[in-house]
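Observations on the three-dimensional arrangement
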Amino acid sequence: MNFLRHGIILILIFLLALALRLYDLGGESIWYDEAISYGVTGLGFIDQIRWIIEQSDNNPPFYYEVLKVSASVFGKSEFALRLPSALLGSFSVILLYLIGSRLYNRSAGLLASLILALSLFHIYYSQEARSYSLMAFLALCSYYFFLRMADPGGRRHAVLYILSSVLLAYTHYFGLFIIAAQNVFVLIQYLRRRMPAVLSFRKWVVSQLIILALFSPWIYVMARHFTGINQGFWIPEPTMASVLEIFNFYSGSTYLKYIFTLFALIAVLNAGRLLGRKSIGRFFSTREDEAKGFLSSESDRAILLIIWLFVPLILPLIVSLISSPILIYRYTIAASAAFYLLAARGMNIISIRYTGLVA
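Remember, it's a predicted structure, so these values are computed and weren't measured experimentally.

Reading guide: rules and limits
- Each chain carries its own residue numbering, running from 1 in the direction its sequence is written.
- Reporting in this predicted model follows two pLDDT cut-offs: at least 70 for local features of residues, and 80 or more for side-chain atom pairs to be given and counted; totals over whole chains, interfaces and linings ignore these cut-offs and use all residues.
- Side-chain measures here rest on the full set of heavy atoms in the structure, leaving out hydrogens and waters.
- Each patch is built from salt-bridge-free residues with over 30% relative accessible area, joining like charges within 9 Å and nonpolar side chains (Val, Leu, Ile, Met, Phe, Trp, Tyr) within 5 Å.
- Residue-level accessible areas treat just the shown protein chains as cover; the underlying method is Shrake-Rupley with a 1.4 Å probe.
- When a carboxyl oxygen of Asp or Glu lies within 4 Å of a side-chain nitrogen of Lys or Arg, that pair is called a salt bridge.
- The secondary structure listing takes helices from DSSP runs of H or I that are at least 4 residues long and strands from runs of E that are at least 2 residues long, numbered from the N terminus.
- When accessible area is computed with a 1.4 Å probe and restricted to protein chains, residues below 20% of their type maximum are described as buried, those above 50% as exposed, and intermediate ones as partly exposed.
- Throughout this description, a polar contact denotes any pair of N or O atoms lying within 3.5 Å of each other; where both atoms belong to protein, one of them has to be capable of donating a hydrogen while the other can accept it, and for residues adjacent in sequence the pair is counted only when both atoms sit in side chains.
- It only takes one pair of heavy atoms within 4.5 Å for two residues to be counted as in contact.

Take a nonpolar patch on the surface next. Taken together, the side chains of Leu187, Leu191, Phe201, Val205, Leu209, Leu212 and Ile219 present a nonpolar region at the surface, about 600 Å² in accessible area. Broken down by secondary-structure element, the contributors of at least two residues to the nonpolar patch are helix H10 (175-193) and helix H11 (201-215). By residue number, the principal contributor to the nonpolar patch is H11, which donates four residues. Residue placement: leucine 212 occurs in helix H11.

Below, the discussion takes up the side chain of serine 320. Its location among the elements puts serine 320 in helix H17 (residues 298-322). The class of serine 320 is buried, set by a relative accessible area of 2%. A polar contact is formed between the side chain of serine 320 and the backbone oxygen of proline 316, at a distance of 2.7 Å. Sequence-distant contacts of serine 320, that is, excluding residues within four places in its chain, are made with Pro238, Pro325, Ile326 and Leu327.

So, about the environment of histidine 6. Note that histidine 6 resides in helix H1 (residues 2-22). Separated by 100 residues in sequence, histidine 6 and arginine 106 place their C-alpha atoms 7.2 Å apart.

The next thing to look at is the pattern of salt bridges. Scanning all chains against the criterion turns up four salt bridges. Between arginine 82 and glutamate 34 there is a salt bridge, and its shortest N-O distance comes to 2.8 Å. Of the two residues, arginine 82 is situated in helix H5 (residues 78-103) and glutamate 34 in helix H2 (residues 32-41); the sequence distance between them amounts to 48 residues. With relative accessibility at 3%, the residue arginine 82 sits in the buried group. The exposure class assigned to glutamate 34 is buried, which follows from its relative accessible area of 2%. For aspartate 47, the salt bridge identified is with arginine 50, shortest N-O distance 2.5 Å. Within this pair, aspartate 47 and its partner arginine 50 are both found in helix H3 (residues 45-55), separated by three residues, close to a single helical turn. A relative accessible area of 36% places aspartate 47 in the partly exposed class. Via salt bridges that share partners, Glu298, Arg301 and Arg345 belong to a single interconnected network.

These results come straight from atomic positions and should not be treated as a statement about function.
What follows is the structure, given as structure tokens:
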């Protein structure tokens, strides 16, 4: 009965997200970056690659191919060009629910999906004919199948993880920072507990080598792109204030940033067992926790989300400080999901403490 109730709520949240993303979708005229997307979709695949190299475009070709297929079906009106972003942004809500349910419980998953559905940041980029919505969607796919790889018999999920991660890398270069975050987490887990057999270090290394091999044909183009950046680029040098401002975009306002940050801190403190002798998450652990593999503890899940949130911010910040600036808030859209999950877990913990509700 609870499963049916949560399913109905998820459908309502999805429909809300879809309505918000489709509302007035074609109302604004195409702006400069969208005009680029419009023009590139009219090129053949080889011409697209040639154009990307010549213009030092920071988007590998996958998004342009997705838009090209969509345009052949729905046309090239403002509404039609933005429709893939709107749909992908809406389905991201379901993916975030699945990740939140797997990490914690269905209530946390629903809260995270609701935050994403209402996020002005995500709604805005779900109404733009650029790659950001696709990048966020593929990052969620990558993380979902990454979590499923630890399941017994997870070979199929390993294949889907590799596929989604490769497509993520071919969508936007900042997708590589998401894959880097996963590698940082696995390395930390391996050093902490040598990893369970269901996700051996060897299995992980093999998956990363396959991703590298499949992305290797584009490494030359990426190198050309970053050479172009070093010769001069429009992104301003980031400061600590501009990095903190990214969380304003994630939240929608300064006020909401403080609220979400507070709940996220509650989730982190709970994982560190600083809210009492036992963390609430451990006290209310269920048999489902035993199936979560290398994420069997509350601290494991908090570490995963903290790394997911901060590595895609810190690595480009370091690159920006030692080389040329590359950090801009919208490029980090895939990291915002981890912030929503931490905030949702904090809300979930409060509800557990005061109402006793877990699922």
